[in-house]
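Here's the letter readout for the chains.
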Amino acid sequence: LPRVPAVLKKRLVKLVVNFLFYFRTDEAEPIGALLLEHCKITKEEENVFSISFIEEPERKYCFECATEEQCQEWVEALRRASYEFLRRSLIFYRNEIQKMTGKDPLEQYGISEEARFQLGAHRQ
């Protein structure tokens, strides 16, 4: 089957934790959202990046920014937005603090040593 050519649409986007909401330029309510998990953020060309998902690698969402600097900021922010990235960061910093202080910084919040090792061993 022949591929339908990509349709370019102007949208406003807003990143909230690990959701990228998109809006029509004249509306306040989002018309959709992308959950930024199990995805790949790729710098395509100057001012352009894309988001593709492991489950649907043939589908790619392309975004064009006003400047190269803005594009780079979006790429970095989106790469840091996933739950998996945040989880790995938490584990890394928790271990570093524990090495420096000898204490688990999350112990005061009732998170057990058992949970720490479960988190550290969990791989998808």
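Numbering of residues starts from 1 in each chain and follows the order in which that chain's sequence is written. For this predicted model, a pLDDT threshold of at least 70 governs which residues receive local features, and a threshold of 80 or more governs which side-chain atom pairs are given and counted, while totals over whole chains, interfaces and linings are taken from all residues. Each side-chain value is worked out from all heavy atoms of the structure, with water and hydrogens disregarded.

You'll find the protein entered in an unreviewed UniProt entry as Pleckstrin homology domain-containing family J member 1, with Vidua macroura given as the organism.

**Some words on a nonpolar patch on the surface**
Definition in use: Patch membership is restricted to residues that have no salt bridge and whose relative accessible area is over 30%. Joining uses 9 Å for like charges and 5 Å for the nonpolar side chains Val, Leu, Ile, Met, Phe, Trp and Tyr. The method behind every accessible area is Shrake-Rupley, applied with a 1.4 Å probe, and residues are considered shielded solely by the protein chains displayed. Salt bridge criterion: a side-chain nitrogen from Lys or Arg within 4 Å of a carboxyl oxygen from Asp or Glu. Note on conventions: DSSP H or I runs of at least 4 residues are helices, E runs of at least 2 residues are strands, and numbering of each starts at the N terminus.
Together, Val16, Val17 and Leu86 make up a nonpolar patch on the protein surface, roughly 250 Å² of accessible area in all. Within the fold, Leu86 resides in helix α2 (residues 83-101).

**Focus: the side chain of Glu37**
Selection rule: Note on exposure labels: buried denotes an accessible area under 20% of the residue type's maximum, exposed denotes more than 50%, and partly exposed covers the range between, all computed with a 1.4 Å probe on protein chains only. His is not counted, nor are the chain ends; Lys and Arg add positive charge and Asp and Glu add negative charge.
With respect to the helices and strands, the residue Glu37 is situated in the loop between β3 (32-35) and β4 (39-45). Buried and without a salt bridge, Glu37 has Arg88 as its closest oppositely charged side chain, separated by 8.1 Å.

**Details of helix α1 (residues 68-79)**
In plain terms, the rule: What a helix is expected to span follows from its residue count: subtract one and scale by 1.5 Å. The reported arc concerns the directions from the helix axis to the C-beta atoms and nothing else. Should any heavy atoms of two residues lie within 4.5 Å, those residues are counted as being in contact.
Along its 12 residues, α1 runs 17 Å from first to last C-alpha, staying within 8% of the 16 Å computed at 1.5 Å per residue. Inspection of α1 places Cys71, Val75 and Leu78 among the buried residues, and these make up the whole buried set. Down the axis of α1, the buried side of the element spans an arc of 75°, and every buried residue falls inside it. Its buried side turned inward, α1 meets β1 (11-16), β2 (19-24), β4 and β5 (48-53).

**Some details on the pattern of salt bridges**
Counted under the stated rule, the structure contains eight salt bridges. As a salt-bridge pair, Lys60 and Glu44 come within 3.4 Å of each other at their nearest N and O atoms. One end of the pair, Lys60, is in strand β6 (residues 56-64); the other, Glu44, is in strand β4, and 16 residues separate them in sequence. Relative accessible area serves as the criterion here: at 34%, Glu44 is assigned to the partly exposed category. With a shortest N-O distance of 2.7 Å, Asp104 and Arg94 are connected by a salt bridge. Here Asp104, found in the loop between α2 and α3 (113-121), pairs with Arg94, found in helix α2; they are 10 residues apart in sequence, far enough to count as distant. Each member of the pair, Asp104 as well as Arg94, is classed as buried. Shared partners join several salt bridges into a network, and the residues in it are Glu84, Arg87 and Arg88.

**Re the sheet that holds β5**
The line we're drawing: Only when DSSP finds a minimum of two bridges between them are two strands counted as paired. With axes taken as lines fitted to C-alpha atoms, and helix axes fitted only over the stretch in contact, angles between N-to-C directions fall between 0 and 180 degrees.
Spatially, the three strands line up as an open sheet ordered β4-β5-β6, and their pairing is antiparallel. Only two strands of the sheet have a single neighbouring strand rather than two, namely β4 and β6. Averaged over all adjacent pairs, the angle separating strand axes in this sheet is 25°, with direction ignored.

**Thoughts on the sheet that holds β1**
Taken together, the three strands give an open sheet; going across it, the order is β1-β2-β3, and neighbouring strands pair in antiparallel fashion. Taken across any chain shown, the strands that pair with only one partner, and hence form the sheet edges, are β1 and β3. Pairwise comparison of adjacent strand axes, ignoring direction, gives a mean angle of 25° for this sheet. Sheet analysis places β1 next to β2, joined by six bridges and oriented antiparallel. Looking at the pairing, Val13 lines up with Tyr22 of β2. Across the sheet, α1 touches β1 and β2, and the angle it forms with β1 is around 40°.

**Topic: the packing of aromatic side chains**
Using the following cut-off: When the centres of two rings from Phe, Tyr and Trp lie within 6.5 Å, Trp using its six-membered ring, the rings pair. Their planes under 30 degrees apart give stacked, over 60 give edge-to-face, and anything left gives tilted.
Under the counting rule described, the total for this entry stands at four aromatic pairs. Ring geometry for Phe49 against Phe63: centres 5.1 Å apart, planes inclined by 15°, an arrangement best described as stacked. Here Phe49 is found in strand β5, whereas its partner Phe63 is found in strand β6, with 14 residues between them in sequence. Pairing Phe53 with Tyr61 gives two aromatic rings, centres 6.2 Å apart and planes at 85°, and the pair type is edge-to-face. On the basis of relative accessible area, Tyr61 is assigned to the partly exposed category, the value being 22%.

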